[in-house]
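Residue-level listing of the chains:
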Amino acid sequence: MQSKDIDLFIAAQLLLWSAYRHHVEELHDVRSRAIDFERFEMFVQFNPGRVRSTTADINPQKLKDRKCFLCRNNRPPQQRSIECCGYDILVNPFPIFAKHLTIAKIEHIPQALYGEAGNMLTFAKELEEYTVFYNGPESGASAPDHHHFQAVPKGDIPFIRSGYADMEMLFRKDGITVTSAADVLRKFIIIEGESEAGMESAVYDIMDVINCYNSYGEDEPRLNAYCEFSEGRYKFIAVPRAGHRPWQYYAEKDPVLFSPGAVDIGGMIVTVREEDYDIIDKELLMDMFLQVIIDYLKWKEIKKMIRRM
């Protein structure tokens, strides 16, 4: 799939779908500021249009009672798609970036990376100019009842653009390389290789390792993931999570609606209320990230297990 095909698709949706066009135009007025962490920057965006995702109620009964907005029969008539590999490529009607895609499984199945990581790698290759990313069902997905990925142009996710700190080689075998990286907010596991089959197998092996430290009884580890393809080589990045939302989200007094998904974890903090945009600073971010990212003890054990693979 050529990038020009996606550009033409987005342009056609802008012409056909006025509500989507309005939301993209609103991005020109979105406020953004940087928070300096010395070795990297985090960016805070005030984007009221994302309120539906940030405040999504993922209670199983609520999901059961509402119509799934990713299913074909429930989408607005103006929302068109490109069918590929059992998925529909769609424009995200409430974008964070000007070119923001949702890649929804045609079949209505729960959000899960097990069994679908190969498709994530395929889309990274098909959409070579894009970063494909994944929000786990308890790690930022606003539609955990319907499997999907998202994609934005390469460079839009800040931490991928700026690189990583404290890199450490963990594993190298059969053309697959696994390294780790960490900063004061996050921990990353980076898998690289040329073989899609080898990469898929490695992704599942790493997920199994992370799942050894899953204390929630869920089917897969809590994580956010990112995937890119460039010059014949795949790069898959997993960020293990400890929780969905920090306590500040639920506070009765002065709550902060921080419900981090892959974009937030990747360095673009999306706020939907001006008071949250104004209050978020370095100290508050460190506190909230500490609650939703795995702790250093588990991180050390995960790295130790990967070295033994």
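Residues take numbers from 1 onward in each chain, read along the sequence in its written order. Confidence filtering applies because this is a predicted model: local features only for residues at pLDDT of at least 70, side-chain atom pairs given and counted only at 80 or more, and all residues used for totals across whole chains, interfaces and linings. Just so you know, side-chain values use all the structure's heavy atoms and leave hydrogens and water out.

Draft legend 1. Seen up close, the sheet that holds strand β13 (residues 268-271). Each pair of strands is called paired provided DSSP finds at least two bridges between the two strands. Helix and strand assignments come from DSSP, with helices taken as H or I runs of at least 4 residues and strands as E runs of at least 2, each series counted from the N terminus. Taken in spatial order, the three strands make up an open sheet running β1-β2-β13, and their pairing is mixed. Since the sheet does not close on itself, it has two edges, and those belong to β1 (31-36) and β13, each with one partner. Shown here is a sheet whose adjacent strand axes are inclined to one another by a mean of 25°, direction ignored. Contacts are assigned to residue pairs that have any heavy atoms within 4.5 Å of one another. Here an axis means a line fitted to C-alpha atoms, over the contact stretch when the element is a helix, while the angle between two N-to-C directions is reported on a 0 to 180 degree scale. Packed on one face of the sheet, helix α11 (residues 282-292) meets β1, β2 (41-46) and β13 and runs near 80° to β1.

Draft legend 2. Up close: the sheet that holds strand β11 (residues 223-230). The antiparallel open sheet is built from 10 strands, whose spatial order is β3-β4-β5-β7-β6-β11-β12-β10-β9-β8. Each edge of the open sheet carries a strand with a single partner, namely β3 (82-84) and β8 (168-173). The average angle at which neighbouring strand axes cross in this sheet is 20°, direction not considered. Relative to strand β5 (residues 101-105), strand β4 (residues 87-91) runs antiparallel, the two being bridged by five bridges. Within the sheet, the bridge partner assigned to leucine 90 lies in β5 and is threonine 102.

Draft legend 3. Representation of the nonpolar core. For this analysis, a nonpolar core means a set of buried residues of the types Ala, Val, Leu, Ile, Met, Phe, Trp, Tyr and Cys, connected via side-chain atoms within 4.5 Å. Relative accessible area decides the class of each residue, using a 1.4 Å probe on protein chains only: under 20% of the type maximum gives buried, over 50% gives exposed, and in between gives partly exposed. Judged by nonpolar contacts, the single largest core of 51 residues is most densely connected at Leu113, Ile191 and Phe236. For this core, the element with the most residues is helix α7 (residues 196-211), which contributes eight residues. Residues contacting leucine 113, with those up to four places away along its chain left out, are Met120, Tyr134, Phe149, Tyr204, Met207, Glu220, Leu223, Ala225 and Phe236.

Draft legend 4. Just the packing of aromatic side chains, in detail. Stacked, tilted and edge-to-face are the three classes assigned to paired rings of Phe, Tyr and Trp, where Trp is represented by its six-membered ring and a pair needs centres within 6.5 Å; plane angles under 30 degrees give stacked, over 60 edge-to-face, the rest tilted. Counting across every chain of the model gives 12 aromatic pairs. Taken together, a centroid distance of 5.7 Å and an interplanar angle of 20° make the contact between tyrosine 87 and phenylalanine 149 stacked. Taken as a pair, tyrosine 87 in strand β4 and phenylalanine 149 in strand β7 (residues 148-153) lie far apart in primary sequence, 62 residues in all. For tyrosine 87, a relative accessible area of 0% translates into the label buried. Judged by centre distance (4.6 Å) and plane angle (15°), the ring pair of phenylalanine 159 and phenylalanine 188 falls under stacked. One end of the pair, phenylalanine 159, is in helix α6 (residues 158-162); the other, phenylalanine 188, is in strand β10 (residues 187-193), with 29 residues separating them in the sequence.

Draft legend 5. Just helix α5 (residues 117-126), in detail. Here α5 lies mainly inside the structure; eight of its 10 residues are buried. For α5, the set of buried residues is Ala117, Gly118, Asn119, Met120, Leu121, Thr122, Phe123 and Ala124.

Draft legend 6. Focus on α7. Taking 1.5 Å of rise per residue, the 16 residues of α7 would be expected to cover 22 Å, and the 22 Å separating its terminal C-alpha atoms lies within 8% of that figure. Here the buried face of α7 lies against α5, β9 (176-182), β10, β11, β12 (233-240) and α12 (296-307). By the criterion applied in these results, polar contacts are pairs of N or O atoms within 3.5 Å in which, for protein atoms, one can donate a hydrogen and the other can accept it, and in which residues neighboring in sequence qualify only through two side-chain atoms. Among the residues of α7, the N-terminal cap falls to serine 195, whose side-chain oxygen and the backbone nitrogen of alanine 197 are separated by 3.4 Å. Each helix should span, by expectation, one fewer than its residue count multiplied by 1.5 Å.

Draft legend 7. Region of the structure containing the pairing of β10. Along β10, six of the seven residues are buried, which leaves the element largely enclosed by surrounding structure. Bridge count for β9 against β10 is six bridges, and the pairing is antiparallel. What sits directly across from threonine 177, in β10, is glutamate 192. Relative to β12, β10 runs antiparallel, the two sharing five bridges. Residue pairing for β12: glutamate 192 is matched across the bridge by lysine 235.

Draft legend 8. The pattern of salt bridges, seen in detail. A pairing counts as a salt bridge when a side-chain nitrogen of Lys or Arg comes within 4 Å of a carboxyl oxygen of Asp or Glu. In total, this model carries 14 salt bridges according to the counting rule given. For the salt bridge of arginine 31 with aspartate 278, the shortest nitrogen-to-oxygen distance reads 3.7 Å. Separated by 247 residues along the polypeptide, arginine 31 in strand β1 and aspartate 278 in helix α10 (residues 274-279) bring together distant segments of the chain. Since its relative accessible area comes to 34%, arginine 31 is described here as partly exposed. In this structure, aspartate 276 and arginine 273 form a salt bridge, with 3.0 Å as the shortest nitrogen-oxygen distance. The class of aspartate 276 is buried, set by a relative accessible area of 2%. The class for arginine 273 is partly exposed, based on a relative accessible area of 23%. A network of salt bridges, in which partner residues are shared, links Arg72, Arg75, Glu83 and Asp88.

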